[in-house]
Amino acid sequence: MKLKLLIMVLIAFAIFTVALFIGPRVINPFSINEIEKEILISIRLPRIIVSVLMGMALGASGAVLQGILRNPLADPYILGISSGAALTAVVGIISGLAFWGTFTIPVLAFIGALITGVFVGAMGWKRGGFWPERLLLAGVGLGFLFSAVLMLIMSISSDQGLRRAILWIFGDLSLADWSVIPYGFVFITAGFVISLSRANALNALILGDELTHSLGFSPRKERFILFVSVGLMTAASVSLGGMIGFIGLLIPHIGRFIIGPDSKILIPVSALGGGILLCIADLIGKSLLSPMELPAGIITAIIGAPYFLYLLRRKDVLRI
Amino acid sequence: MFSGYKNTILEFERVGFSYNRDKPFIKDMSFSLGNGEFVGLLGANGSGKSTILKLASGILKTSDGNINIWGKHIQSYKNKDRAKLLSYLPQILDMQIPFTVKELVSMGMYPYDILPKLTVDEAIEMVGLTDNAESLITNLSAGERRRVYIAMTMVQGAGLVLLDEPLANLDIKYQIELLRLLKKLKEKRDIAVVMALHDINIALQFEKIMLIKEGEILCFGNPETVLTKDLLKKAFDVDVEIIRPSKSRNVGERQDYGEVYIKY
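Treat the numbers as computed from the prediction; the structure is a model and nothing was measured.

Rules used in this analysis
Residues numbered from 1 in each chain as written. Chains lettered and ligands numbered in written order. Predicted model: local features only at pLDDT ≥ 70, side-chain atom pairs only at ≥ 80, totals over all residues. Helix = DSSP H or I, 4+ residues; strand = E, 2+ residues; numbered from the N terminus. Rg over C-alpha atoms; globule rule 2.2 N^0.38 Å. Buried ≥ 20, exposed ≤ 12 C-beta atoms within 10 Å, placed from the backbone. Contact = placed C-beta atoms within 7 Å. Pairing = 2+ DSSP bridges. Axes fitted to C-alpha atoms, helices over the stretch in contact; angles between N-to-C directions. Nonpolar A, V, L, I, M, F, W, Y, C, P; charged D, E, K, R; others polar. Core = buried A, V, L, I, M, F, W, Y, C linked by C-beta atoms within 7 Å. Left-handed = near helix turned anticlockwise from the far one by under 90°. Parallel < 35°, antiparallel > 145°, perpendicular 65-115°, else oblique.

1. Some details on the overall build of chain A
Next up, step 1: The number of helices and strands found in chain A is 13 helices and 2 strands.
Next up, step 2: Rg of the C-alpha trace for chain A: 19 Å, near the compact-globule value of 20 Å for 320 residues, within the 12% margin.
Next up, step 3: Judged by the C-alpha coordinates and their principal axes, chain A covers about 60 × 50 × 35 Å.
Next up, step 4: A buried classification covers 50% of the 320 residues belonging to chain A.
Next up, step 5: At a minimum sequence separation of 6, the contacts of chain A that also span at least 24 residues come to 78%.

The following block contains the structure:
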């Protein structure tokens, strides 16, 4: 187990380092000129940090959500949080809002995500607790509604801003800069620490509410705390760089395949795996058809879907 | 190690409960249990066996009356403190999650900040699964999986174990194995076991039987008192024939099976 974790951490560092020096322009780490230094510090490093933060948030959120909803198909976007974020962000992009400079779109996305999270939570709340099925259905229903409104807005808007909006929806990391990182870092770290501190309760929730109670936890309270942690991580992730599909669904399953379902290890491993996958996807996306960039969300789906289908054929893998 | 003296560890005081307001489901129920007792809850489907266990575990809250464990109102305990005293295993357990035996049994440690009295390895040994400690529970037989959950409750250190139909859907071999295991654990660790049952013949293995009908106790006592033709007719609405052993043998000395049985 420890060896597997060590190997994963080493792979992660190797990939982050490679992503720093390889891209549309390959930089030799042993002879860096001023321009290259500027590229590394102002463009590549913040972009890698954003992709790692987003990937970590999505991977960890997926592991938590699949547990609290007891559903192997759950991912952070199934709760409609991303659709809410996309709606407010795209409204901001298309209408050219810039009241807070570069912060405008992330802030709008974050607000949209949080409002949606609270709304889904309220819909899923009954008799003093969250009901997994209600949460799931409320999220799916609201997600459809927001997607429809989003499509409506995009179909009646002019071309200006439309491409930007589409890129954002599929996950656009090209605008990553240092200014948003501290905020993303704070919310994602907070969500991650909260969820990791409740890992035992999450393991118990996987066994069912009655056993959770028997093992000394309140299922309602624990589900609420974990939902809040997922809400924070997902909202922060979407506001950093748009919607990146598949990580939240795929990575926890790969994690279980490698290290088993124990949440104490699965949450950090899913975070690490999410960071690795998004970093690789972004590296491919910006290098493959350079100077044109492909949204990272498309690459994660293209890499992830075949592997997911391969896992489907493995016994006992696609379970919480 | 333990004296024969029984402390009251579970007490129902005029307990009432209803799932919907108009119709009481458990009615004015009172009884008490001491440590080390081995009690079977017997009754027809829908008679209230599972509800009694859920009330006793604190999952459901009473509409009327009080439930005390170890002399204190059950809802006054913090979740973790209650979990050190009693554990509850529902009838339907998820057996498909790929936890290993050791991982699942370790969850019994969750209520503790320091290591509990019984280690995970000891508990696994007690239920006879040492060789399978690293196996996934999905690879075990139905009886072995139940034993894994029993080991978890042993690590939890609870003095009162509430089991909802743990023998349901098990072959007779596994039923016997599990009953023997629970009796052994009861003797070794002086735990009280309360188990919901549906099989009248299995009920003969218990020291005490509580016969339930429509949320009320029809009779609570030793098997000879409870398992009578009239009471079983009342509880299940069927006629049965009770085959008793020869008069010279004491029911209390009975070992496992075959000496008293009920013919349908």
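This is not the end of the story, as more comes after the structure.
2. Let's talk about the overall build of chain B
Next up, step 1: When you go through chain B residue by residue, the secondary structure sums to 9 helices and 12 strands.
Next up, step 2: Looking at chain B residue by residue over its 264 residues, the buried ones come to 40%.
Next up, step 3: Considering only contacts within chain B whose residues lie at least 6 apart along the sequence, 68% involve residues at least 24 apart.

3. Observations concerning unusual backbone geometry
Residue and element names in this part refer to chain B.
Next up, step 1: At Arg-14, a position not held by glycine, the phi torsion is positive, near 45°.
Next up, step 2: Positionally, Arg-14 belongs in strand 1 (residues 8-17).
Next up, step 3: Since 12 C-beta atoms lie within 10 Å of it, Arg-14 is described here as exposed.

4. A word on the sheet that holds strand 1 of chain B
All names here are of chain B.
Next up, step 1: One open sheet accounts for 4 strands, arranged 2-1-4-5; its pairing is antiparallel. Single-partner strands in this sheet number two, and they are strand 2 (26-34) and strand 5 (72-73).
Next up, step 2: When strand 4 (residues 64-69) meets strand 5, the two strands line up antiparallel, connected through 2 bridges. Across the sheet, the residue bridging to Ile-69 is Lys-72, located in strand 5.
Next up, step 3: Contacting strand 1, strand 2 and strand 4, helix 1 (residues 49-57) crosses the sheet at an angle of about 120° to strand 1.

5. Focus: the interface of chain B and chain A
Next up, step 1: At the junction of the two partners, chain B supplies 19 residues and chain A supplies 20 residues.
Next up, step 2: Those elements that place two or more of their residues in the side of chain B that touches chain A are helix 2 (79-85) and strand 6 (86-89) of chain B.
Next up, step 3: When the residues that make up the side of chain B that touches chain A are grouped by side-chain class, the tally is 10 nonpolar, 5 polar and 4 charged.

6. Observations concerning the nonpolar core
Next up, step 1: In this structure, Ala-235 of chain A together with Leu-41, Val-105, Ala-151 and Leu-160 of chain B are the most contacted members of the largest nonpolar core, which totals 164 residues.
Next up, step 2: In terms of residue count, helix 2 (residues 34-68) of chain A provides more of this core than any other element does, 13 residues in total.
Next up, step 3: Setting aside anything within four residues of it in sequence, one finds Leu-41 of chain B in contact with Lys-49, Ile-52, Val-194, Met-195, Ala-196, Leu-197, Met-210 and Ile-212 of chain B.

7. Focus: the pairing of strand 10 (residues 216-221) of chain B
Residues and elements named next belong to chain B.
Next up, step 1: Where strand 9 (residues 208-213) and strand 10 come together, 5 bridges link them in antiparallel fashion. Looking at strand 10, one finds that Ile-212 is bridged to Ile-217.
Next up, step 2: The antiparallel hairpin formed by strand 9 and strand 10 contains 2 residues in its connecting segment, where Glu-214 sits at a positive phi of about 45°.

8. Looking at the environment of Asn-68 of chain B
All names here are of chain B.
Next up, step 1: For Asn-68, the location among the structural elements is in strand 4.
Next up, step 2: In sequence terms Asn-68 and Ser-32 are 36 residues apart; their C-alpha atoms lie 9.3 Å from each other.
Next up, step 3: In contact with Asn-68, other than residues within four places in its own chain, are Glu-11, His-73 and Ile-74.

9. Some details on the packing of helix 3 (residues 81-94) of chain A against helix 4 (residues 104-123) of chain A
Relative orientation and spacing of two packed helices are given, respectively, by the angle between their axes and the distance between those axes.
All names here are of chain A.
Next up, step 1: Look at helix 3 against helix 4: their axes get within 7 Å of each other, and the N-to-C directions meet at 145°. Relative to helix 4, helix 3 is oriented so that their crossing is right-handed. Facing Ile-81, Ser-83, Gly-84, Ala-85, Leu-87, Thr-88, Ala-89, Gly-92 and Ile-93 of helix 3, the residues of helix 4 in contact are Thr-104, Ile-105, Leu-108, Ala-109, Ile-111, Gly-112, Ala-113, Ile-115, Thr-116 and Gly-117.
Next up, step 2: In terms of residue class, the contact of helix 3 with helix 4 is made up of 11 nonpolar, 8 polar and no charged.

10. Some details on the sheet that holds strand 9 of chain B
All names here are of chain B.
Next up, step 1: Read from one edge to the other, the open sheet built from 6 strands follows the order 6-7-8-3-9-10, with strand pairing classed as mixed. Unpaired on one side and paired on the other, strand 6 and strand 10 mark the two borders of the sheet. Adjacent strand axes in the sheet meet at a mean angle of 15° when their direction is disregarded.
Next up, step 2: Here 5 bridges tie strand 3 (residues 38-43) to strand 8 (residues 192-197), and the two strands are oriented parallel to one another. Each residue of the ladder has a partner; that of Phe-38, found in strand 8, is Val-193.

11. Some remarks on the environment of Met-8 of chain A
All names here are of chain A.
Next up, step 1: As for its position among the elements, Met-8 is in helix 1 (residues 2-21).
Next up, step 2: Classification of Met-8 as partly exposed rests on a count of 18 C-beta atoms within 10 Å.
Next up, step 3: On a C-alpha basis, the gap between Met-8 and Glu-222 in space is 29 Å, while along the polypeptide they are 214 residues apart.
Next up, step 4: Leave out the neighbours within four places in its chain, and Met-8 touches Val-269 and Leu-272.

12. Here's the deal with the packing of helix 2 of chain A against helix 11 (residues 247-259) of chain A
Residue and element names in this part refer to chain A.
Next up, step 1: Put simply, helix 2 and helix 11 touch, their axes get as near as 7 Å, and they point 70° apart. Relative to helix 11, the element helix 2 lies roughly perpendicular. Of the residues in helix 11, those touching helix 2 at Gly-55, Leu-58, Gly-59, Ser-61, Gly-62, Ala-63 and Gln-66 are Ile-247, Gly-248, Leu-249, Ile-251, Pro-252 and Gly-255.
Next up, step 2: Class assignment of the residues belonging to the contact of helix 2 with helix 11 gives a composition of 6 nonpolar, 7 polar and no charged.

13. Topic: helix 1 of chain B
Next up, step 1: Counted residue by residue, helix 1 of chain B has 7 buried out of 9 residues, so it is predominantly covered.
Next up, step 2: Phi for Gly-58 of chain B, located one or two positions after helix 1 of chain B, is positive at around 90°.

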